[in-house]
Amino acid sequence: MERHVLESLLVGDDEASVVALAALRSGVPYSVEERVQPTGAHAGVFSRRLQRMRMRGFEPPGLERAVQLVREYGRPVRTALIDPGNRIRFTLLFLNEDGSALVACVSWPLPLPLVARKPPL
């Protein structure tokens, strides 16, 4: 997918879309999955990741809402990842099957250092 097409999908004024659009416009690398996955596969994977992050004391803003939006969408989705290379922020986009519409966008700063902590007792 060409950069300008992905940029055109980020029309929201929510923080994740604004961050994603700024990153793309600055020229950072990105990738868009060619494979389309069933809604349940993506929602299930990211729901489990959210649970594991919470167990480690980290609450990624917007991930729970993104999982909910993907579930509500109910049709297969593909993902896009914006990778600034500095590993400071994680930005994930869920797109419809043909990549013509944004289903959900989530972006959060990664905890530093990115080391697994023991879960709370």
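Analysis parameters
- Residues numbered from 1 in each chain as written.
- Predicted model: local features only at pLDDT ≥ 70, side-chain atom pairs only at ≥ 80, totals over all residues.
- Heavy atoms only, no water.
- Axes fitted to C-alpha atoms, helices over the stretch in contact; angles between N-to-C directions.
- Helix = DSSP H or I, 4+ residues; strand = E, 2+ residues; numbered from the N terminus.
- Parallel < 35°, antiparallel > 145°, perpendicular 65-115°, else oblique.
- Left-handed = near helix turned anticlockwise from the far one by under 90°.
- Contact = heavy atoms within 4.5 Å.
- Nonpolar A, V, L, I, M, F, W, Y, C, P; charged D, E, K, R; others polar.
- Polar contact = N/O pair within 3.5 Å; in protein donor to acceptor, adjacent residues only side chain to side chain.
- Phe/Tyr/Trp six-rings, centres within 6.5 Å; stacked < 30°, edge-to-face > 60°.
- Buried < 20%, exposed > 50% of the residue type's maximum accessible area, 1.4 Å probe, protein only.
- Core = buried A, V, L, I, M, F, W, Y, C linked by side-chain atoms within 4.5 Å.
- pLDDT = per-residue confidence, 0-100.
- Arc of directions from axis to C-beta.

Comments concerning the packing of helix α3 (residues 39-55) against helix α4 (residues 63-73)
Running from amino to carboxyl end, α3 crosses α4 at an angle of 165°, the nearest separation of the two axes being 9 Å. Judged by the inter-axis angle, α3 sits roughly antiparallel to α4. Like other packed secondary-structure pairs, α3 and α4 cross with a definite hand, here left-handed. Judged by residue contacts, T39, H42, A43, G44, F46, S47, L50, M53 and R54 of α3 engage L63, E64, V67, V70 and R71 from α4. A per-class count over the contact of α3 with α4 returns 7 nonpolar, 4 polar and 3 charged.

So, the side chain of S17
Summarising the element assignment, S17 is placed in helix α2 (residues 15-25). Within the structure, S17 has its side chain in polar contact with the side chain of D14 (distance 2.8 Å). Apart from the residues lying within four places of it in its own chain, the contact partners of S17 are L10, G12, L102 and C105.

What about the packing of aromatic side chains?
Applying the stated criterion to the full structure yields 2 aromatic pairs. Ring plane angle 90° and centroid distance 5.5 Å describe the contact between F46 and F94, whose orientation is recorded as edge-to-face. You can see F46 sitting in helix α3 and its partner F94 sitting in strand β3 (residues 89-95), a full 48 residues away along the chain. For F46, a relative accessible area of 7% corresponds to the buried category. When the centroid spacing of 5.0 Å and the interplanar angle of 40° are considered together, the rings of F90 and W108 count as tilted. Of this pair, F90 sits in strand β3 while W108 sits in strand β4 (residues 102-109), and the two are 18 residues apart along the sequence. The exposure class assigned to F90 is partly exposed, which follows from its relative accessible area of 23%. For W108, a relative accessible area of 3% corresponds to the buried category.

Quick word on the nonpolar core
Grouped together as the largest cluster of nonpolar side chains are 17 residues, with contacts concentrated most on F46, L63, V70, F94, V106 and W108. Contributions of two or more residues to this core are made by α3, α4, β3 and β4. Listed in part, the 15 residues of the second largest apolar core include A16, A23, L24 and L95.

Description of the confidence of the model for the chain
Mean pLDDT over the chain: 84, with 89% of residues reaching 70 or higher. Mean pLDDT values for the elements of the chain range from 82 in α3 up to 95 in helix α1 (residues 3-9).

Considering α2
For α2, the full list of buried residues reads A16, S17, A20, L21, A23 and L24. Projected onto a plane normal to the axis of α2, the buried residues spread over an arc of 160° and lie on a single side. Exposed residues lying more than 90 degrees from the buried face of α2 are E15 and R25. One or two steps after α2, the chain reaches G27, where phi turns positive at roughly 95°.

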